[in-house]
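Secondary and tertiary structure notes
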Amino acid sequence: MKKLLFYTALVQIALASCTDLGEKVYDKLPYDEFGSTAEEITSIIGPSYKTLKYVASYDQLWGWDNLTADALIAPTRIGGDWWDGGVYMEQTMHTWTPENWVIPGLWNPCMKGITTINSIIDLVEPNELMTPELKAQTLGELRGLRAYWYYVLVDWFGNVPIVTDFKDTSLPTTKSRKEVYDFVVSELLEIIPDLRSDVSDASYGKFTKGAGYTLLAKMYLNAEVWTGTPNWQGVVDACNEVMALNYVIEPDWRTNFIVRNEVSREAILSVCFSDQDDWDNGYNAIHYYTLHYLDPIALGFAGDMWNGVSAQTAFVNAFDDADRRKEATFLTGPMLDPATGEVLQTGTAGHPLIHHVEYTIVPGTEGGGSYPAGWGEVFQEDGARIQKWEFQKGMQNTFMENDMHIFRLADVYLMKAEALVRMGGNIAEATSLVNIIRERAFADSDHNFSSVTLADIENERRFELAFEFGARQDMIRFGTFTRPNQWKPHVTEEYRKLLPIPLDAWRDNNNLKQNPGYPPF
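Residues numbered from 1 in each chain as written. Predicted model: local features only at pLDDT ≥ 70, side-chain atom pairs only at ≥ 80, totals over all residues. Heavy atoms only, no water.

So, the overall build of the chain
As a reminder of what qualifies: To qualify as a helix, a DSSP run of H or I must reach at least 4 residues; to qualify as a strand, a run of E must reach at least 2; elements of each kind are numbered from the N terminus. Atoms counted for the radius of gyration: C-alpha only. Globule rule: 2.2 Å times the number of residues to the power 0.38. When a residue's accessible area, from a 1.4 Å probe over protein chains only, is under 20% of the maximum for its type it is buried; when over 50% it is exposed; and in between it is partly exposed. Whether two residues touch is decided by their heavy atoms; if any such pair falls within 4.5 Å, the residues are in contact. The Shrake-Rupley method, run with a 1.4 Å probe sphere, supplies the accessible areas, and residue values consider only the shown protein chains as cover. In this tally Asp and Glu are treated as negative and Lys and Arg as positive; neither His nor the chain ends contributes. For the purpose of locating charges, the reference atoms are NZ of Lys, CZ of Arg, CG of Asp and CD of Glu.
Counting its regular elements, the chain contains 18 helices and 14 strands. For 521 residues, the compact-globule estimate of 2.2 N^0.38 gives 24 Å, and the C-alpha radius of gyration of the chain, at 23 Å, lies within 12% of that figure. Within the chain, the fraction of its 521 residues that count as buried is 58%. In the chain, 69% of the contacts between residues at least 6 apart in sequence involve partners at least 24 apart. Entry remark: accessible area of the chain is about 20300 Å², with carbon and sulfur atoms responsible for 51%. Here the chain contributes 43 positive and 72 negative side-chain charges, whose respective centroids are spaced 4 Å apart.

In structure tokens form, the structure reads like this:
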């Protein structure tokens, strides 16, 4: 009797080039008639890659990472825009509670991603048409993507359930952070031999051997924080494996962020986006989040921007003016109407649209009404905006085409350099690795370090990886997360290095246990 594959959803065929090639519907297809071609296999596993699109929103991983670090702020604009009950202020001031409704925006995508991947593993495992080698590679990709979501969970929530069986409907119990860490490392060590190692158009956007070793390096890099036992040599070894593959440090840093940035051979694991994405299925909408309503006029495209997130002042000022990444990362200064050559006007308080690095609290709003001391409304134009990802000329109220690289080779160089310094290893090699990144940024060797320190490496990570992924994680590892800053005048409590388990998650599964420091369930 034939086994039936119940696969009824519309499936995007997300091929390696990240080009949308259309849709197909597969409904109740027998195993012995489905899964024998590359297209069919890609159709089966495509939704697992689509889960990566969950990372890019201001109220999901990307936003949490940058808003809780010292890089980004979602200030309350004049008139109360972006106040939203104070949830973004809580991220910046580190005063969130389990009731903060943005916390599920980080928890739920992780769990949805894991569930989706588990369901696809359940389809692939009994498939009899794949060769053993192809099945091992396919399952390796899926388990690697699942390991990535557990990496996010162990970083942000620490103590979470481990679920690998899609058919198991029992309510899972919480595992310790150490158990989750060990699970991810074990999965990676088991699957890496089966993953593809090519660095090519065909492997772009896939979970490859490079992605596996980079994720393993990330686990080892944070082992001391997450388990109490460092593994710096493990970082070095994993980074060496990545560096032995055919990735390159792109000569032009901007290649990683241009509209068609799938050409980058520095990219190791990428989230594939399209200007044809929709609100329901993941998108790159950084331009919506950060730009003023009128900025598109000056930048040459059309769109209904939200005038939201912008850079923290101290973060912008930390960049050397000679560092070409500064101008490429931040949009500042007057925004001109190309039709008149004049500065655009915000229409609020008679202010021209000039993006200042500094923020000015609107008189009479600080600590007033719902706002606590130290928080108030700022003017519409205040704050350097994000322009790291190139804005495509001529966009007509669409999402951005630019992919987002979760991992890239520059990060690997800096991870290895950090591990070498922390273990008292080859400082000359560590210095050379950092200087490779700096020479690209400054276009000369005049700004090279003679002997790199941990403080140098932390700053270089901030400059090179600004607004990407891992800013908060880095701050925790370097011991700077709890320090006061302009928008957070107090010392952060140690327990806030983890987020609380969302209340809705506990209501669905009362086997979950709340993290220490937060009110118990």
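Don't stop here, the text continues.
Brief notes about the packing of aromatic side chains
Heads up, the condition is: Stacked, tilted and edge-to-face pairs are distinguished by plane angle, under 30 degrees for stacked and over 60 for edge-to-face with tilted covering the rest, among Phe, Tyr and Trp rings (Trp via its six-membered ring) whose centres lie within 6.5 Å. Distance and angle both matter: a charge sits over a ring if NZ of Lys or CZ of Arg is within 6 Å of the ring centre and within 35 degrees of the ring normal.
By the definition in use, this model includes 38 aromatic pairs. Ring plane angle 35 degrees and centroid distance 6.1 Å describe the contact between Trp-62 and Tyr-289, whose orientation is recorded as tilted. Taken together, the residues Trp-62 in helix α2 (residues 61–67) and Tyr-289 in helix α10 (residues 286–290) connect sequence positions 227 residues apart. Considered together, Trp-62 and Tyr-289 belong to a single accessibility category, that of buried residues. When the ring centre of Trp-389 is taken as reference, the NZ or CZ atom of Lys-388 above it lies at 6.0 Å. Against the face of Trp-96 rests Arg-496, its NZ or CZ located 5.5 Å from the ring centre.

Quick word on the packing of helix α5 (residues 132–156) against helix α6 (residues 177–191)
A pair of packed helices is characterised by two quantities: the angle between their axes and the separation of those axes. Condition: Only the stretch in contact is used when fitting a helix axis, every axis being a line fitted to C-alpha atoms; angles between N-to-C directions are given from 0 to 180 degrees. Each angle gets one of four labels, with under 35 degrees taken as roughly parallel, over 145 as roughly antiparallel, 65 to 115 as roughly perpendicular, and the rest as oblique. Handedness of each helix crossing follows the sense of rotation of the near helix against the far helix: counterclockwise by less than a right angle gives left-handed, clockwise gives right-handed. Three classes are used: nonpolar for Ala, Val, Leu, Ile, Met, Phe, Trp, Tyr, Cys and Pro, charged for Asp, Glu, Lys and Arg, and polar for all others, with Gly counted as polar.
Packing of α5 against α6 leaves a shortest axis separation of 9 Å and a crossing angle of 155 degrees. On the basis of the axis angle, α5 is roughly antiparallel to α6. For the pair α5 and α6, the sense of crossing is left-handed. The residues of α6 that touch α5, namely those facing Gly-140, Arg-143, Gly-144, Arg-146, Ala-147, Tyr-150, Tyr-151, Val-154 and Asp-155, are Arg-177, Val-180, Tyr-181, Phe-183, Val-184, Glu-187, Leu-188, Glu-190 and Ile-191. Here the residues of the contact of α5 with α6 are counted per class, giving ten nonpolar, two polar and six charged.

As far as function goes, none of this settles anything; it's purely spatial.
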